[in-house]
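Spelled out from the first residue to the last, the chains are:
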Amino acid sequence: MTSSASDLEVDGGLLLARLRQLSAIGTDPRGGVTRLAYSAEDVDARDTVADWMAAAGLQVWVDEATNLFGRLPGRDPHAGAVLTGSHLDSVSRAGALDGPAGVIAGLATAQALRDAGAALRHDLVVVAFGNEEGTRGTPGMVGSKAIAGLLTPEDLARPGDGGVTLADRLRGAGGDPERISRAAWSPDRVAAFVEMHIEQGPVLEAEDARIGVVSSITGQVGVTASITGAANHAGTTPMTRRRDAAVAAAHLVLTVESLARDGHVRVATTGILGLVPGARNVIPGEAVLGIDIRDGDVGRMAAALELLGRQATEVAARTGTTIRLTVGPVQSPVATDCRLAGHIVDAAEGLSARWCELTSGAGHDAQVMAALAPVAMVFVPSVNGVSHSPHEDTDPEDLVLGANVLLRALVAADLELP
Ligand code: GLV
Ligand code: MN
Ligand code: MN
């Protein structure tokens, strides 16, 4: 490594221009960006970034799980790779930065090194993970799970929205579910993973900090509640004879909220609420709820799930309905690596940027990559703490600063990682 590598800077203008260009892929007429995993827009964004990676001189490939990679070869062919990146898919009506900021920042670091002729000792691999968000009834973090060898045949075969399986979604976007095991990396091929991301919350603004050093990433679990009542006429059915799935759903939404309000878990949300048949003059016979529970402690999440089960039984009895809860895989909380975090702190201080340590309340591919290697995350502030919304925003200067912090941290980590 040349001594000047630690003084390199990313091309901030190019980074911001690329983020603007990506934000136009999947512009939603209702506001924001909708680039659901495996959609035509998602594939378009992946192809666009692949072209940028190739133009930056990286070795580019897409794996069986639709993860996109760009490699800047290192000087030591026996060293594992240092990976950096994030995701390009989005939730519906999202902002332009949740995911792309980390991919484009990662690309900017590789490009800065290559342009300076300053390869690391390790391969530097920029990755755009497939399907981080888990939209349309698919599990989240599919790409990183495939890399970590954690994607199961059940995950691939489970029907999502419209009965479409994850395997079919992958196939439609150029993936190869039959050979998904080839996407797995053995731990000795990965020296570290460092992800830059927008904070998506209010802490950095409140602390007047421009860089967040993530100490841990939240645990989370999804639950689907399927409620069955009895459809009937809204005008003729007496209130005493109803088995109204919407009323049961309303009780359950408040039950979920109280799990967090009463301190059993950090946050609990009902983000999906569907009524069948969904007509003003029909008492709903069925309801489906999508529930998200998060905490830094797996035991607390398990206890909250038990409580939710008991309370759902009570709601069912009170409303004359049946309620079936299907609990998804538990994503365990993970701690980031202290030494990598220390490099992020040093980089922030070297750039005179005020930083603070914080935990991530959002889930990230980094927590899956922790199964393979030490991980760390750099956060940049979210204006008003807003994300998963068209109003998501980050000061452009903070995006460039975050990428420069990432670059310096990667260069420093390269010197000490095995
Ligand atoms: C990912 O965006 C999450 O749900 O935390
Ligand atoms: Mn997100
Ligand atoms: Mn994200």
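Relevant structure appears above.
Residues numbered from 1 in each chain as written. Chains lettered and ligands numbered in written order. Predicted model: local features only at pLDDT ≥ 70, side-chain atom pairs only at ≥ 80, totals over all residues. Heavy atoms only, no water.

## A short note on the coordination of the manganese ion (ligand 3)
In a perfect tetrahedron of four donors around a metal, the angles come out at 109.5 degrees. In a perfect octahedron of six, they are 90 or 180 degrees.
Alright, step 1. Protein coordination of the manganese ion (ligand 3) is provided by His87 (NE2), Asp98 (OD) and His197 (NE2), with donor distances spanning 2.0 to 2.3 Å.
Alright, step 2. Of note, the donors binding the manganese ion (ligand 3) are all from one chain and are spaced H-x10-D-x98-H.
Alright, step 3. Here the manganese ion (ligand 3) and the manganese ion (ligand 2) are spaced 3.7 Å apart, with aspartate 98 acting as a shared donor. Placement of the pair is aspartate 98 in the loop between strand E3 (81-87) and helix H3 (100-115) and histidine 197 in strand E5 (residues 190-198), with a sequence separation of 99 residues. In terms of burial, aspartate 98 and histidine 197 fall into one category: buried. (Donors = N, O, S within 2.8 Å, 3.2 Å for Na, K, Ca; no water. Helix = DSSP H or I, 4+ residues; strand = E, 2+ residues; numbered from the N terminus. Buried < 20%, exposed > 50% of the residue type's maximum accessible area, 1.4 Å probe, protein only.)

## Section: the packing of aromatic side chains
The description of an aromatic ring pair uses the distance of the two centres, along with the angle that the planes make with each other.
Alright, step 1. For the structure on display, the rule yields three aromatic pairs.
Alright, step 2. A ring pair is formed by phenylalanine 69 and tryptophan 185, whose centres lie 5.6 Å apart and whose planes are at 35 degrees; its orientation type is tilted. You can see phenylalanine 69 sitting in strand E2 (residues 68-72) and its partner tryptophan 185 sitting in the loop between helix H6 (166-172) and E5, a full 116 residues away along the chain. The exposure classification of phenylalanine 69 matches that of tryptophan 185, with both residues buried. (Phe/Tyr/Trp six-rings, centres within 6.5 Å; stacked < 30°, edge-to-face > 60°.)

## Digging into the coordination of the manganese ion (ligand 2)
Alright, step 1. The protein atoms that coordinate the manganese ion (ligand 2) are Asp98 (OD), Glu133 (OE), Glu133 (OE) and His388 (NE2), at distances of 2.0 to 2.8 Å.
Alright, step 2. Residue glutamate 133 is classed as buried on the basis of its relative accessible area of 16%.
Alright, step 3. Judged by its relative accessible area of 41%, histidine 388 is partly exposed.

## Some details on the packing of helix H1 (residues 12-23) against helix H12 (residues 396-416)
Alright, step 1. Across the interface, H1 lies against H12 with an axial gap of 10 Å and an inter-helix angle of 115 degrees. Crossing geometry of H1 relative to H12 is assigned as right-handed. Facing Gly12, Leu15, Leu16 and Leu19 of H1, the residues of H12 in contact are Pro396, Leu399, Val400 and Ala403.
Alright, step 2. Of the residues contributing to the contact of H1 with H12, the split by class is seven nonpolar, one polar and no charged. (Axes fitted to C-alpha atoms, helices over the stretch in contact; angles between N-to-C directions. Left-handed = near helix turned anticlockwise from the far one by under 90°. Contact = heavy atoms within 4.5 Å. Nonpolar A, V, L, I, M, F, W, Y, C, P; charged D, E, K, R; others polar.)

## Section: the side chain of glutamate 195
Alright, step 1. When you line up the elements, glutamate 195 lands in strand E5.
Alright, step 2. Buried charged residue glutamate 195 carries no salt bridge. Nearest counter-charge: arginine 294, at 12 Å.
Alright, step 3. Within the structure, glutamate 195 has its side chain in polar contact with the side chain of serine 86 (distance 2.7 Å).
Alright, step 4. When sequence neighbours within four positions are dropped, the list of residues in contact with glutamate 195 reads Gly85, Ser86, His364, Asp365, Ala366, Ala376, Met377 and Val378. (Lys, Arg positive; Asp, Glu negative; His and termini not counted. Salt bridge = Lys/Arg side-chain N within 4 Å of Asp/Glu carboxyl O. Polar contact = N/O pair within 3.5 Å; in protein donor to acceptor, adjacent residues only side chain to side chain.)

## Some remarks on the side chain of threonine 84
Alright, step 1. Note that threonine 84 resides in strand E3.
Alright, step 2. The exposure class assigned to threonine 84 is buried, which follows from its relative accessible area of 0%.
Alright, step 3. Engagement of the side chain of threonine 84 in a polar contact is seen with the backbone oxygen of valine 194, the distance being 2.7 Å.
Alright, step 4. Leave out the neighbours within four places in its chain, and threonine 84 touches Gly106, Thr109, Leu124, Val125, Val126, Val127, Phe193, Val194, Leu406 and Leu410.

## Regarding the environment of glycine 174
Alright, step 1. Within the secondary structure, glycine 174 sits in the loop between H6 and E5.
Alright, step 2. Taking the relative accessible area as the measure of exposure, glycine 174 reaches 58% and is therefore exposed.
Alright, step 3. Residues glycine 174 and tyrosine 38, 136 residues apart in the sequence, show an inter-C-alpha distance of 8.6 Å.

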